[in-house]
Amino acid sequence: MTDSMPLPPGMSVIERGWLNANHVLFRENDNDGAVLIDSGYVTHADTTLALLRQPDALGQRPLARVLNTHCHSDHMGGNARLQREYGAQLWVPEAEAPHIQSWDQAALWLDDAGQQAEPFRVDGLLRPGETLLLGQTEWQLLAAPGHRNEALMFYAPEYRILISGDALWQNGLGAVLPDANLTGLAAAQATLALIAGLDIDWVIPGHGAPFADVPQAIDRAQRKLAQMRADPQFWALSLFKSLLLFNLLERQQMPLDQLPAYLQALPLFRQAGRLLPPMAPTNLAEQVLQPLLAARLIACRGGMLRPLIVA
Ligand SMILES: [Zn+2]
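Everything numeric in this text was worked out from a predicted model, so none of it was measured. (Residues numbered from 1 in each chain as written. Predicted model: local features only at pLDDT ≥ 70, side-chain atom pairs only at ≥ 80, totals over all residues. Heavy atoms only, no water.)

1. Quick notes on the coordination of the zinc ion
Between any two of four tetrahedral donors, the ideal angle at the metal is 109.5 degrees; between two of six octahedral donors, it is 90 or 180 degrees. Just so we agree on the cut-off: We call an atom a donor if it is N, O or S and sits within 2.8 Å of the metal, or 3.2 Å for Na, K and Ca. Water is not counted, so some sites may look partial. Geometry assignment treats four donors as tetrahedral when all angles are between 85 and 135 degrees, treats four as square planar and six as octahedral when opposite donors are over 155 degrees apart and all others between 65 and 115, and treats everything else as irregular. Exposed residues in this analysis have more than 50% of their type's maximum accessible area, buried residues have under 20%, and partly exposed residues fall in between, with area computed by a 1.4 Å probe over protein chains only.
The coordination sphere of the zinc ion contains the protein donors His70 (NE2), His72 (ND1), His147 (NE2) and Asp166 (OD), at a distance range of 2.1 to 2.3 Å. Coordination at the zinc ion is irregular, judged from the four donor atoms that bind it and the angles of 87 to 175 degrees they form at the metal. Read from N- to C-terminus, the donor residues coordinating the zinc ion fall into the pattern H-x1-H-x74-H-x18-D. Residue class for His70 comes out buried when judged on its relative accessible area of 1%. Assessed through its relative accessible area of 3%, His72 is described here as buried.

Encoded structure:
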């Protein structure tokens, strides 16, 4: 996967599926021991621990710190477990800390989005503009608003590597919610412009394999944002599709006949629905489901929906 990506000594990438964000591991760190960026989904924490205990990951060594690019359930869901198992210190972006400390379900996209996580203690804050020494390498913390206004990216100029979280994937970016003045959309575009101005050989995204063709990925993401701006219906349906697929990865199955009501029930789905003209719940369910079936991301057999991609 990362054979041709020159990584700093002691750094590795553990690629996960789509319910769990990728992990970036710094096995040795001059400051305080091993450091992990992003911890996966709460219900998959056993797998996360098993991956970390592989000999080529931590093996039996301790984990000193966990850093989050942002506090969505797929990036911080394993934090509490890692705090218990390793006594690891948990560092989050400064702007996320109030949400974690008050465990704000809506701000964290938990109940409102049909997602789960486990509360944890914040031990330290990551601030945009700061530089961290991870291993022997300096990493700049860059603000990455858009998908998540509180989010940060990690950039190592010496190695020209960007850890982008959900601000840029090889084929798109994390969901951007509609708001009154489309500020999220504008912020996502500005974050892409920031990335385009960096000297980058490799991007390690929050989901999917690391990739080297950065201009092409930026172009794809920019086009998607432009299409969302021009066509609210496209935007709404892509939100419904990504939120539903994520929830199905967690639940693993859902009766087809429950889908219309499910798409009306969650506040985050309703927020996406505001971009759509009024339509019957069954019509919306049809419009959301058909492209997911056609793309073979979801299967429908015996009246049951199941995901076809790895969680
Ligand atoms: Zn996210």
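Don't stop here, the text continues.
2. Observations concerning the sheet that holds strand S8 (residues 137-143)
Test applied: One bridge is not enough; two strands pair if DSSP finds at least two bridges between them. Numbered from the N terminus, helices here are DSSP runs of H or I no shorter than four residues, and strands are runs of E no shorter than two. Orientation is described by axes fitted as lines to C-alpha atoms, over the contacting stretch for helices, and by angles from 0 to 180 degrees between their N-to-C directions.
Strand order in the open sheet formed by five strands is S7-S8-S9-S10-S11, with mixed pairing between adjacent strands. In this open sheet, the two strands that pair with only one neighbour each are strand S7 (131-134) and strand S11 (202-205). Taken over all neighbouring pairs, the strand axes of this sheet differ in orientation by 25 degrees on average, direction set aside. Across four bridges, the pairing between strand S10 (residues 161-165) and S11 is parallel. Looking at S11, one finds that Leu162 is bridged to Val203.

Honestly, it's all geometry; don't read function into it.
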